[in-house]
Every structure is written in C-alpha cells, then in structure tokens.
Amino acid sequence: MPATASTREVTIEINGLRRTGTVEARRLLVHFLREDLGLTGTHVGCDTSQCGACTVEIDGVAVKSCTVLAVMADGASITTIEGLTDGSGELSRVQKAFHDHHALQCGFCTPGMVMSVRNLLRENPNPSEREIRHGLAGNICRCTGYHNIVRAVESLASEGSVA
Amino acid sequence: MTISQGTRHVGQPLKRREDLKLLAGRGRYVDDLKLPGMLYMAILRSPHAHAKIDSIDLSLARAAPGVRLALSGSALEDRIGPIVPNWIIPGSKVPVRRVVATDRVRFVGESVALVVAESLAEAYDAIGLIEVEYDVLPAVTEEQDAVRGDAPQLHENVPGNITTFYKVKGGDYEKANREADQVVKLRVVNNRLIPTCMETRAIVAAPEPDGTLTVYIGSQVPHMHRRWIAETVRIPEHQLRVVAPDIGGGFGAKMHLYPEDLLCPYLARELNAPVKWWETRSESHQSTSHGRAHTEDLEIAFNNDGRILGLKVSTLGNVGAYLSNMATGGPTVNTVNFGTGTYKIENYEALSRVVVTNTVPVDAYRGYGRPEGAYIAERAIDAVARHLNLDQVEVRRRNFIQASDFPYRPYGSTGVMYDSGDYQALLDKALEAFDYEGRRGECEALRGNGIYRGIGVAAYTHMCGMAPSRRLAPGGFDRGGWESARVSIDSSGRATIYSGSMSQGQGHATSLAQIAADVLQIPLEDIEIVQGDTRQVQAGHGTFNSRSMAVGGSSVHVSSHRVITKAKTIAAGMLEVDEKDVSYSAGAFTVPGTDIAPLTFSKVARMAYVGHKLPDGVAPGLDETVFYDPTGMGAPSGVHMAYVEVDPETGIVDILDYVAVDDVGTLINPRLAAGQIHGGVVQGIAQALFEEVSYDSESGQLLTGSLLDYAVPRAEHVPNIRSSFQQTPSPTNPIGVKGIGESGSIAAPPCMVHAVLDALSPFGIKHLDMPLTPPRIWAAIRSVREGDAR
Ligand code: FES
Ligand code: FES
C-alpha cells in the first residue's frame, strides 16, 4: 500500500527482525501483526480490551496489542508468541510449564496468557498463588478454569529467568 | 479373541500431543486463514427487539468503496433457507426463520442486511451507510411475561408464544402430595448465560476450481454442518467440503446452524470468490446462541424424616425469538427428564413449556438441560433440609438411589436409565476430602464472631451420548446416535485414525490415540488422529453431549479391534498355523507353546498391502471403518462440595475450597479428565456467582452487550478445584466410559448456591436466585436486617 494522507510507514523490530510496512493510521497493532505480517499466533478475543488474547511484548513489557495502533509501535521492539520458539523450535520455559501442567485446552487464550505469565514473573519472580491469580487478571481463559495455569506458574516461581 | 496388553495407555495421565503447535502460536483457527482474492462479509443487525421493517435503502452502501454486494433479506428469501431446527419435539409449532429478516425483526441482533467488500474495514464502513426504517413493536423478553394473555405475540403460528408442551409423569404425584407430612413450593430461576468461547465464530467459504465448495468453520459437528448447509443453500452434499480446523472452545455454541454459516457459502458461489465472516465479541453477544434461561416452579412433597415422596415441576424454557437447532429438546427432554437427580423420587410430574421471546435464540450450553435438571433436584432436596432443619448431607443419604438399584429407571421412566453408580461412596469420598465434620464445627464457631461461612453440597447424575439411533426418532431428534471411526494402517504398520468426533480443546489427538494404542499395541507416535474434514473423515456426528469418549472412543476401540482381527488372520497364514492358535501380544503375533518366532504387526501390515501371501478369501489392505451405534447411554455422577465465606457488609463471596468427586466411568486420561472438571466447575461457579444476561424488559435491549458488562470470571475470582474420581465402568460401551465434559457445569451451580445459602442461614434466608452477586446478597441481608429493626 503506498503511503497517503491516512497511512504511515512504520518500522518495527518483530521477533528480532526489522519489518517495515505502510499501515493505515487506524490499523490496530494486532491487525498489523495478524493480517499484514501473518503472525496469527496473536489472537483477538474481544473488542473491549477485556480478554488478553492479543497480549504481546513491546519493549519487554506485556501489552494488549488491540489497545495500540500500529503507528504507535513505530521504532519499538516487539515479541510475539512466535518469537519464543524461533530458531530452535524448542519451547521456552513458560511454554514448557504450560505443557507439563496441562494449562491449555483449546489454546486460544494461550499465546496471550504465556506473554502475561512472562511479564508477571519478570515483575515478581516468586509470586504467591494469590499474586499469580491477581497478576493474570487481564487474561480470560474459558476452558481451564485457571487451575492448571496457576499450577504451571507456581512451578516456575523462584526459578529465576523467564526466557 | 483375547488380546493381552502390552503397555497400557488408557488410564495414563499422558501429556497432550496437540499442545506443541498451540503453544508455539501455530494453531490454525478459522480467522487465521487468508485466501487470495478473499472478500469480507459484514452484517447489519437489528437495533430493535421487535419491529416491522418498513424500508431498507442499500444505495449508499452499494456505492461505497470496495463494496461488491449489498443485500437485504428479500433478495435471499427464495435462494436460501429457511433455517430449520434439528430437534423438534413432536407437536411443536415451528416458526419460520429466514436467514436474513424480511419484513419483521424479532430480537436485537437479528440480521437485516449484509455487505460484501474487499476489506473488512470497507465492509464495516458500508454497513454504516445502510438506511432502514423500522416501525417499532412492543417486545417481551422474560418467559413469565411471554406466556401472559396480553403479551406481544412473536409468530402467527405460535399462539401464546409457546412452541412446545412436554409432559413427564411417573407414579402418582397427587397421592404423594396428599400423604406427605409437608409440601413446600419453590420458584427457581436458571439465569441466561452467554457461552463465551474465547474464539468467536468465523467462517470462510471458498469455491474450488473443480466447482466444489470448501467451508472452513469452527464446528463441533462438521458432518452435520455439511448436511445442513447443503440442504439449506441447496448445494449437493457431496460437492461440499466442511473443514473444521483448530477451534477456540465450543461449549455447545458451535454446534448450531447460524445464518452466517449459510450466507458465506451462498455468497462465495454467487461472487465466485472466497468470502469470510468473523464475529466481533460484541456481535457474538447478540448473534451466537445463549444458554439456560429457565424458570421452574417446584412443589416438593416430603415426610418429616426428610424422605421426598413426590415432586412436581413446571418449567418455562425461554428459547429466544426462533427455534435454534436443538431448542425444543433443552427445556424438555434434557431438563425435566432429569428433574429427580440422584434421588429416589417415585412420584414425579413435570410440564415443560418452550417459550419464544424477543431475545437471542437459546440453545445448548455445556450440559444443556442437565444443569437445569440437576438444579431442580438439588434445590428441592436443599429446600427439604432447610425446611426441616436437617443436615444437608443426611437428607441426601436418605433419598439417594442406592448402588444396588442400578440399572435404575427414575420414576419408572422409559426414557431415562442410570446405568451404574454408587452415590453413597461418592459422598463419603467428598466428605472426607472436604473434612466436613471439621468444617461444620468451624462454621458454627465462627458465626459467633460474625463470620459467615457456609458449606455447599450437590450431587448429580445425567446421561451422555444420545443413542441408540433408533431411539432418537420418537423424540424428534433428526440425527443418529452413532459415531464412526476408520483405522487405516499403512504398509509400515502405522495408523491413521479418521474420527467423526471433533475436539475443541478436549484433547482427542491424545485420548483417542490412547484408546487405539492399547488395542493395536503400537506406540502412540505411530498413531495420527484426523478430525474435522469431511473430505477425509468418512462420516460423523461430532462432539457434544459428552459423547466423544463414550461413542467416538468406542468406535475407535471397535475398529482397532477389527484391524487386529484381520491382521491375525493374515498372520496365521504367514505363520502357517491355525488362526485360533495365534495370540497378539506386545505388538507381535505369536503361537504360544511353540518355538515359532513372533511376527511383528508391521510385517503383517506390509503383507496386507503387498498381498503376496494372504489366506484364501482375505482381501488386501488393513483398513477398517466402523459406525458404532451404542446400545445405551452412560450416566456419570458426582458429589461436589464448596466452602465459602460471605462478607455481610459487602455481599462478596470468597470461595475457600472446592472439592469435586466424579464418577465418569473408566478414565482414559486422568490429566485431561481433571482439566474437564476444572473448566466445567468454573463455568458453573460463573453461573452461580457472576454471569447473567440482562435485557431491558421494556425495550428488549441487550444490556450485557460486551465483555465489559458480562462478568466472565478471571483467575482471581475462582478457587483451586480439588478434583478426584471414582471409576464405575459403564456397562453400555466396551471401554466403560460415561462422559465427563458437562459434569462440572452441572454440579457447581447448586453446590455454590447451597454454600452461600448455608452461610446466610443465620439470617433466615432460604432461597436466592443466581447469580449470587454482591448486590443481590447484600440486599437480601439488608432486607432481613431492616425487617428485624422494624
Ligand atoms: S483482543 Fe481482547 S484484550 Fe485485546
Ligand atoms: S485454553 Fe481455551 S480459552 Fe484458555
């Protein structure tokens, strides 16, 4: 798409790669990721910023990518779920804990949930159960009842690095 | 044939095989699909609950950028539809449901017009340019209001707004009523819910170069969707391929035929281009089916020892503006048939009326009718305990169906049979895990300090996997009860299993493989499960009614057995021995008592495909397809207990503990089974404490129109779930499973309500309707306190 009055060129580092594209000014980051870049691991579960399915990391902080316009992310560095397994294809520690503790069923909330868990552990490497539950308040899961997600996070508590 | 077991897979808490792609962000949901030249459909929905459509002006929308087509209902009337329900209780009056409304709208959210454009943004923009003139009519949203004489009438052929009358009767309720020491009446409301799959609905219909059509849809029932779309859009069924990729939850909401399921295929053929529709969350609240929405009046006749002699039920089931796919079956067969629950209530009488209102159609949601049925039984037994001031555990014990009673037909029913179970043992396990005695004492002690804690108990049973096929016709259920599985062995001895079941997160790629691995005795890695593609999977009914392990799993089991039976014949030929002397163990055919070397399964498979040395009359190949039609239905059961603390100043409920003991028959995979309980229980807690769809009763406006207003619980609102199992194998199928998916959402609502009522018992509060939100509890306490002050 050529740049016009209502479009802008953005350059964003995504999962370690610099990507440049022209986006409509009204384009949400989540749509830029999904539709323009084909990174469909980031999901859209609502239209009121409630569900957290769209959570990605912008400059190391978990953000709901439906609350950000793509143009606002110009110059930022973004990690999506695809970025966690890039290269080796090996699951990261948080992903592995989800697998080990059966913390996903349909998997739709999972990418956003994993991103939020990383954020939670970065801010508080040794959270209590209450802190885990509170820390995931921005993410809805309809399948697991959260029980096994909490177990997965507990297994990572105090283990240090979240990478 | 006896098959000695190699490694047992059934019963092992194996980790899921489907996790890796989902965790890596490589799941493929419908909305992830992008096809060259794809167009986007958007729908204009009615802003009114009930109105005549005077005129629709599409001219501005048609002229808008990127728009390829803009249509109203009249252009489609002769082309597609109408939408016909799939479960029609005999005698029901079926209102006509157009795919897009023509002259009248009957709920907020009903489709009025559509636009197809080159981008989604352009489609949405153009929708905003359509002008519709409405003549607003009076609306009715509540079931009690809709059956009043002066209520607005929705459909000419549905007088009194009642589509269906359904009666159940066993024993002599009137006699029980006369003879009982006491009779208590209770009205209970089963609140309207939104299933809220985290993935909303989405469809892509794509014309293929060969003239066929592929429809990608997150369907729990791909083959049913193929049939329904083919019939309603008038496409030959064999030229339609339905593909269900990964599905972000279903819970019953993704097993119905919706207008968009028909519009995309129709438009794709008209425009000869792929057409996609994706539902926004707020749109979903007004276009995807809701659940529950019942009011039941109970009359309970009991003696002073707590024994219930009789129960009379009158149900009003609100099904919204039209009869959705299974709508007449929910408040009727699925609810009142199960109204006596786990209790021996021999005199039973129920009347259910299915009621149309100006609301979103109501259909299956996790448990469909069985949560409402269990709620009847459980609120009744709880009322007896409260009324007599008897211990809630003791009252249940006195009324339970006993282990020696199975198979048991409640109230002499011909339609309901509980195959097996042991409720007393379930209760004992739950009491022990919960520390009932200790906590009872704790509750009493704390009450002195103004701390209000309560214990809730609920027991349930129901039936899963509607079958056998020939028994479904009299109830008007227009599909079979069987499931199909094809076990196809390749020339290296590995298996591809084509199953008509359809996982939406349940983990079939793991659990079905476990079932097959035990019979085939090959490693799990050598088994692939294929579901969700009508071009690959021969036939099926899909996943609902907790049927996938009982019926789908049994079909995999039976077809795997057939494979081994044939392989054994081939092996006998290869070994030049009599077939009856051959055994199959640990993945190899042996001839016990001889020194003949074992012959591996893979060698036999290769022989089956080269065909060089097959016994006379044996055809090449090792590939068996089974349509497994069960002889009966398994009846899971369980006892759940909850411990809560209610803050009387705020009405907030803190859930301190939750114990679930479930008997779902043989466990295929305990890890996945527990996951099903966790998820179901939290959906049940959500119904009891948080969620409720609200309509403005005057205007019929949907007040809970987005996730901002509809209270789906977060991690911090719910407790850990302590789940354990008792395994009484079901005699109705070869693997002994009963069904698990719906247990949690059936047991948790009454369990939570009873816990809260127990906590509130010092205030003399005997009944509150769900959801038990802080304002509702606070208001109840306040009205008691104000009454005391007066
Ligand atoms: S899509 Fe729901 S919070 Fe972003
Ligand atoms: S796993 Fe389905 S929504 Fe979380």
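Residues numbered from 1 in each chain as written. Chains lettered and ligands numbered in written order. Predicted model: local features only at pLDDT ≥ 70, side-chain atom pairs only at ≥ 80, totals over all residues. Heavy atoms only, no water.

So, about the overall build of chain A. Within chain A, the secondary structure is distributed over six helices and five strands. When the helices and strands of chain A are read in sequence order from the N terminus, they spell out β-β-α-β-β-β-α-α-α-α-α. Over its C-alpha atoms chain A spans a radius of gyration of 16 Å, differing by no more than 12% from the 15 Å that the globule rule assigns to 163 residues. In terms of overall dimensions, chain A has C-alpha extents of about 50 × 30 × 25 Å along its principal axes. Per-residue burial over chain A gives 57% buried out of 163 residues. Contacts in chain A between residues at least 24 apart in sequence constitute 56% of all its contacts with a sequence separation of at least 6. The average position of the 15 basic charges and that of the 18 acidic charges among the side chains of chain A differ by 4 Å. (Helix = DSSP H or I, 4+ residues; strand = E, 2+ residues; numbered from the N terminus. Rg over C-alpha atoms; globule rule 2.2 N^0.38 Å. Buried < 20%, exposed > 50% of the residue type's maximum accessible area, 1.4 Å probe, protein only. Contact = heavy atoms within 4.5 Å. Lys, Arg positive; Asp, Glu negative; His and termini not counted. Charge placed at Lys NZ, Arg CZ, Asp CG, Glu CD.)

For the rest of this paragraph, the subject is the overall build of chain B. Assigned secondary structure in chain B consists of 20 helices and 27 strands. Here chain B has a C-alpha radius of gyration of 28 Å; the compact-globule value for 790 residues is 28 Å, and the two agree. Dimensions of chain B, computed from the C-alpha atoms along their principal axes, are close to 95 × 70 × 50 Å. When each of the 790 residues of chain B is scored for burial, the buried share is 65%. Pairs at least 24 residues apart make up 80% of the contacts formed inside chain B by residues separated by at least 6 positions. Put simply, chain B shows about 26200 Å² of open surface, and 49% of that area lies on carbon and sulfur atoms. (Areas by Shrake-Rupley, 256 points an atom, 1.4 Å probe, with all protein chains shown as cover.)

All names here are of chain B. The element strand β17 (residues 452-461) is largely enclosed, with a buried count of ten among its ten residues. Here β17 shows a buried face lined by Tyr452, Gly454, Gly456, Ala458 and Tyr460 and a second buried face lined by Arg453, Ile455, Val457, Ala459 and Thr461. Inspection of the sheet shows β17 paired to strand β25 (residues 637-646) by ten bridges, in the antiparallel sense. Counted as the bridge partner of Ala458 is His640 from β25. (Pairing = 2+ DSSP bridges.)

All names here are of chain B. Taken as a whole and assessed by the stated rule, the structure comprises twelve aromatic pairs over all chains. With 5.9 Å between their ring centres and 85 degrees between their planes, Phe434 and Tyr643 make a pair best called edge-to-face. Residue Phe434 is found in helix α13 (residues 423-434), and its partner Tyr643 is found in strand β25; the two are separated by 209 residues along the sequence. This pair shows no difference in class: Phe434 is buried, exactly as Tyr643 is. (Phe/Tyr/Trp six-rings, centres within 6.5 Å; stacked < 30°, edge-to-face > 60°.)

With that settled, consider helix α14 (residues 436-447) of chain B. All names here are of chain B. For α14, spanning twelve residues, the distance from its first C-alpha to its last is 16 Å, which sits close to the expected 16 Å at 1.5 Å a residue. Listed in full, the buried residues belonging to α14 are Tyr436, Arg439, Arg440, Cys443, Leu446 and Arg447. The arc that holds every buried residue of α14, seen down its axis, measures 140 degrees, which confines them to one face. Those residues of α14 that are exposed and angled more than 90 degrees off the buried face are Glu437 and Ala445. (Expected span 1.5 Å × (residues − 1). Arc of directions from axis to C-beta.)

Moving on, we get to the sheet that holds strand β13 (residues 275-278) of chain B. Residues and elements named next belong to chain B. An order of β4-β6-β2-β13-β10-β11-β12 is seen for the seven strands of this open sheet, with the pairing classed as mixed. Unpaired on one side and paired on the other, β4 (67-72) and β12 (240-243) mark the two borders of the sheet. Across this sheet, the average inter-strand angle for adjacent strands is 20 degrees, counted without regard to direction. Of the strand pairs in this sheet, strand β10 (residues 202-207) and β13 are connected by four bridges, and their pairing is antiparallel. When the bridges of β13 are listed, Val204 appears paired with Lys276. Lying on the sheet, helix α4 (residues 120-127) is in contact with β2 (39-45), β4, β6 (111-117) and β13; it crosses β2 at an angle near 25 degrees. Of the strands in this sheet, β11 (213-217) and β12 are in contact with helix α7 (residues 222-233), which crosses β12 at around 145 degrees. (Axes fitted to C-alpha atoms, helices over the stretch in contact; angles between N-to-C directions.)

As a further point, take the side chain of B:Arg386. Relative to the helices and strands, B:Arg386 resides in helix α11 (residues 370-388). With sequence-adjacent residues up to four places away left out, B:Arg386 is seen in contact with B:His754, B:Leu757, B:Asp758, B:Ser761 and B:Lys766.

Our focus in this paragraph is the interface of chain B and chain A. Taken together, the 54 residues of chain B in the interface contact 47 residues of chain A. Across the interface of chain B and chain A, roughly 4400 Å² is buried in total on both sides, 52% from carbon and sulfur atoms. For chain B, the biggest contributors to the area lost against chain A are B:Leu23, B:Met198 and B:Arg714; these three give 18% of the whole. The closest approach of N and O atoms between B:Asp125 and A:Arg26, which form a salt bridge, is 3.2 Å. (Buried area = accessible area lost by both parts, 1.4 Å probe. Salt bridge = Lys/Arg side-chain N within 4 Å of Asp/Glu carboxyl O.)

Quick look at the pattern of salt bridges now. Summed over the entire model, instances satisfying the criterion amount to 58 salt bridges over all chains. In this structure, A:Arg27 engages A:Asp36 in a salt bridge whose closest nitrogen and oxygen atoms are separated by 3.0 Å. Of the charged contacts in the structure, one is a salt bridge between A:Glu154 and A:Arg151, with a shortest N-O distance of 2.8 Å. Of this pair, A:Glu154 and A:Arg151 both sit in helix α6 (residues 147-156), three residues apart, which is roughly one turn of the helix. Here the residues in one salt-bridge network are B:Arg45, B:Arg201, B:Glu260, B:Asp261, B:Glu279 and B:Glu283, joined through shared partners.

Before going further, it helps to spend a moment on the environment of A:Pro111. Considering the arrangement of structural elements, one finds A:Pro111 in helix α4 (residues 110-123). For A:Pro111, a relative accessible area of 2% translates into the label buried. Along the sequence, A:Pro111 and A:Gln95 sit 16 residues apart, while their C-alpha atoms lie 9.0 Å from each other. The contacts of A:Pro111, once residues within four sequence positions are left out, are A:Gly41, A:His43, A:Thr55, A:Ile81 and B:Leu22.

Residue and element names in this part refer to chain B. Taking burial as the measure, the five residues of strand β19 (residues 495-499) include four buried ones, the bulk of the element. Pairing of strand β18 (residues 483-489) with β19, which is carried by five bridges, proceeds in the antiparallel orientation. Along β19, the bridge assignment pairs Ala485 with Ser499. Taking the residues between adjacent antiparallel strands as the criterion, β18 and β19 are bridged by five residues, where Gly493 takes a positive phi near 90 degrees. Alignment of β19 against strand β20 (residues 527-530), held across four bridges, turns out to be parallel. Bridging across to β20, Tyr498 finds its partner in Val530. Remark: the β19/helix α15 (residues 508-520)/β20 crossover connection has right-handed handedness. (Right-handed = clockwise from strand over helix to strand, strands pointing away.)

Residues and elements named next belong to chain A. Each assigned domain of chain A is listed with its residue range as follows: domain 1 (7-84) and domain 2 (93-156). The gap between the C-alpha centroids of domain 1 and domain 2 is 21 Å. Each partner contributes residues to the interface: domain 1 has 19 residues there, and domain 2 has 14 residues. Carbon and sulfur atoms supply 57% of the area that domain 1 and domain 2 bury against each other, a total of about 1300 Å² over both sides. For the domain 1 face of the interface with domain 2, the top three residues by lost area are Glu57, Ile81 and Leu84, together amounting to 35%. Between the two partners, domain 1 and domain 2, sit two salt bridges. Run the count over domain 1 and domain 2 and you get eight residue pairs in polar contact (both at pLDDT 80 or more). Broken down by secondary-structure element, the contributors of at least two residues to the side of domain 1 that touches domain 2 are β3 (55-58), β4 (61-64) and α2 (81-84). (Domains from an automatic or database assignment. Polar contact = N/O pair within 3.5 Å; in protein donor to acceptor, adjacent residues only side chain to side chain.)

Turning next to the confidence of the model for chain B. All names here are of chain B. Looking at chain B, the pLDDT average stands at 97 and 99% of residues meet or exceed 70. The model gives residues 1-5 a pLDDT under 50, and that stretch makes 13 contacts with residues more than four places away or in other chains. Both confidence scores are given for the complex: pTM 0.97, ipTM 0.97. (pLDDT = per-residue confidence, 0-100.)

Bringing the packing of α15(B) against helix α16 (residues 548-575) of chain B into the picture now. How two helices sit against one another is set out by the angle between their axes and by the gap between those axes. Residues and elements named next belong to chain B. At their nearest, the axes of α15 and α16 sit 9 Å apart, and the two run at 35 degrees to each other. Our pair here, α15 against α16, has a crossing hand that is right-handed. Within the contact between the two elements, α15 uses His508, Ser511, Leu512, Ile515, Ala516, Val519 and Leu520 and α16 uses Ser548, Met549, Gly552, Gly553, Val556, His557, Ser560, His561, Val563 and Ile564. Residues that form the contact of α15 with α16 fall into these classes: nine nonpolar, eight polar and no charged. (Left-handed = near helix turned anticlockwise from the far one by under 90°. Nonpolar A, V, L, I, M, F, W, Y, C, P; charged D, E, K, R; others polar.)

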